[in-house]
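Results of the structural survey
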Amino acid sequence: MPEQAPAAPDRSTVRLALVVGGLVLAVLLGFGLGRMNGTATATGGGSPAALTADHTHPPGTGAHDHGSMTGADQGAAAEPGGLSVSSAGYTLVPLATEFPAGRPGQLRFQVRDAQRRPVTRFAVVHDKPMHLIVVRRDLTGYQHLHPTMAADGTWTVPVTLAQPGVWRAYADFTVVADNGGQSALTLGVDLVVPGTYEPRPLPAPATSTTVDGFTVVYQGSPQVGVTVPLTFRIDGVDGDAVLERYLGAYGHLVALREGDLGYLHVHPEPELADGQVKFWLTTPGPGRYRLYLDFQVADKVHTAEFTVTVP
């Protein structure tokens with residue numbers, strides 16, 4: 001009996017096979033592309049969060065370079081700090097917040113982690129593990145202090161708050177986690193000096209000022225969301241002042257925004273530029289800012305102050 005040829009599949013069967021095959025091919029292609037994309041992310045730059053997590057420095061070995069970025073590199077750091085007592089799981093805890101006017105006192109505080117444990121590991125940034133800025137809310141009475149830490153994580157620094165009013169204290173530090181990762185933070189807290197508060201108006205904007213016999217002039221026009229250079233020239237009675245390194249740099253600049261007292265701490269380029277101190281500054285929004293420039297000559301630190309209006 002002759003062998004019969006197998007019956008040809010009907011159209012519905014063929015259509016179903018094509019659909020199933022197409023779905024399988026799409027899944028396999030998607031899986032392969034996903035692996036390719038994952039590999040590219042891991043080996044080619046990666047996400048900003050991943051880069052930040054991997055960017056660490058040995059604790060206590062010297063100054064960081066974070067504030068020495070130039071040009072557009074520093075634009076991402078525009079948002080001000082010091083507006084909150086807590087950030088990134090860390091909290092600034094003062095042991096007392098009331099001080100008598102014009103009398104020496106001791107400001108004591110801790111930085112605590114998310115488990116309420118005092119933090120005791122901090123990186124040395126610009127020669128110090130902790131920078132404390134204190135200023136009254138009318139932006140007068142600026143002080144740049146360096147507390148010392150006890151073994152239990154309690155920081156202590158002598159402080160005199162000259163006039164009644166509410167003062168703002170900014171703790172500027174870099175904490176070192178158990179895994180060696182580092183987090184740079186600025187936390188702020190209010191201090192109270194009882195008495196009659198008589199706020200002083202901000203001085204008018206100017207690009208030059210005098211302090212302790214020095215004339216300080218700056219050039220540059222801060223702009224919202226744009227990183228621009230500011231250069232400061234310091235002259236003494238006999239001409240150019242011989243600047244010395246203070247805390248590892250030729251100058252330190254703090255900018256505070258009028259109103260909410262948002263804090264911007266920028267560092268200069270590592271070397272002088274034509275005898276001038278050069279900073280890169282990004283302002284987060286319009287308004288009036290008070291600039292405080294710390295510089296050292298003949299082993300003495302001086303502070304020049306400016307009012308800047310950012311349109």
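1. Structural notes on the overall build of the chain
Counting its regular elements, the chain contains two helices and 18 strands. Partitioning the contacts of the chain with sequence separation of at least 6, the portion at a separation of at least 24 is 64%. Here the chain has roughly 16600 Å² of accessible surface; of this, 56% comes from carbon and sulfur atoms.

2. Overview of the packing of aromatic side chains
The geometry of an aromatic ring pair comes down to the distance between the two centres and the angle between the two planes. Throughout the structure, instances matching the rule amount to nine aromatic pairs. The interplanar angle of 85 degrees and the centroid separation of 5.7 Å between the aromatic rings of F214 and F295 together place this pair among those described as edge-to-face. Residue F214 is located in strand β11 (residues 214–219), and its partner F295 is located in strand β17 (residues 287–297); the two are separated by 81 residues in the primary sequence. Note on F232 and F279: the rings are 5.6 Å apart at their centroids and 90 degrees apart in plane angle, and the pair reads as edge-to-face.

3. Thoughts on the sheet that holds strand β6 (residues 148–149)
Taken in spatial order, the five strands line up as β1-β2-β3-β7-β6 in an open sheet, and their pairing is antiparallel. Each having just a single partner strand, β1 (86–87) and β6 make up the two edges of the open sheet. With two bridges joining them, β6 and strand β7 (residues 154–160) adopt antiparallel strand pairing. Bridging across to β7, T148 finds its partner in T156.

4. A few points about the pairing of strand β12 (residues 228–236)
Relative to β12, β11 is paired through five bridges, and the arrangement is antiparallel. Bridge pairing in β12 links V216 to I234. Alignment of β12 against strand β16 (residues 277–281), held across five bridges, turns out to be antiparallel. Bridging across to β16, L230 finds its partner in F279. In this sheet, strand β13 (residues 239–240) lies alongside β12 in antiparallel orientation, the contact comprising two bridges. Among the inter-strand pairings, D235 is bridged to a residue of β13, identified as D240. Count of turn residues in the β12/β13 antiparallel hairpin: two residues.

5. Topic: the environment of A151
Tracing the chain through its elements places A151 in the loop between β6 and β7. With 33 residues separating them along the chain, A151 and P118 place their C-alpha atoms 10.0 Å apart.

6. Regarding the environment of R108
Here R108 is to be found in strand β3 (residues 104–112). Residue class for R108 comes out partly exposed when judged on its relative accessible area of 39%. Between the C-alpha atoms of R108 and W155, which are 47 residues apart in sequence, the distance is 5.4 Å.

7. Some details on the side chain of R136
By the element assignment, R136 lies in strand β4 (residues 130–136). Here the side chain of R136 touches D138 through a polar contact of 2.6 Å, side chain to side chain. Look past the residues within four positions of R136 in its chain and what remains in contact with it is Q163, P164, V166, W167, Y197, E198, P199, R200 and L261.

Here is what the cut-offs are and how they apply
Residues numbered from 1 in each chain as written. Predicted model: local features only at pLDDT ≥ 70, side-chain atom pairs only at ≥ 80, totals over all residues. Heavy atoms only, no water. Helix = DSSP H or I, 4+ residues; strand = E, 2+ residues; numbered from the N terminus. Contact = heavy atoms within 4.5 Å. Areas by Shrake-Rupley, 256 points an atom, 1.4 Å probe, with all protein chains shown as cover. Phe/Tyr/Trp six-rings, centres within 6.5 Å; stacked < 30°, edge-to-face > 60°. Pairing = 2+ DSSP bridges. Buried < 20%, exposed > 50% of the residue type's maximum accessible area, 1.4 Å probe, protein only. Polar contact = N/O pair within 3.5 Å; in protein donor to acceptor, adjacent residues only side chain to side chain.

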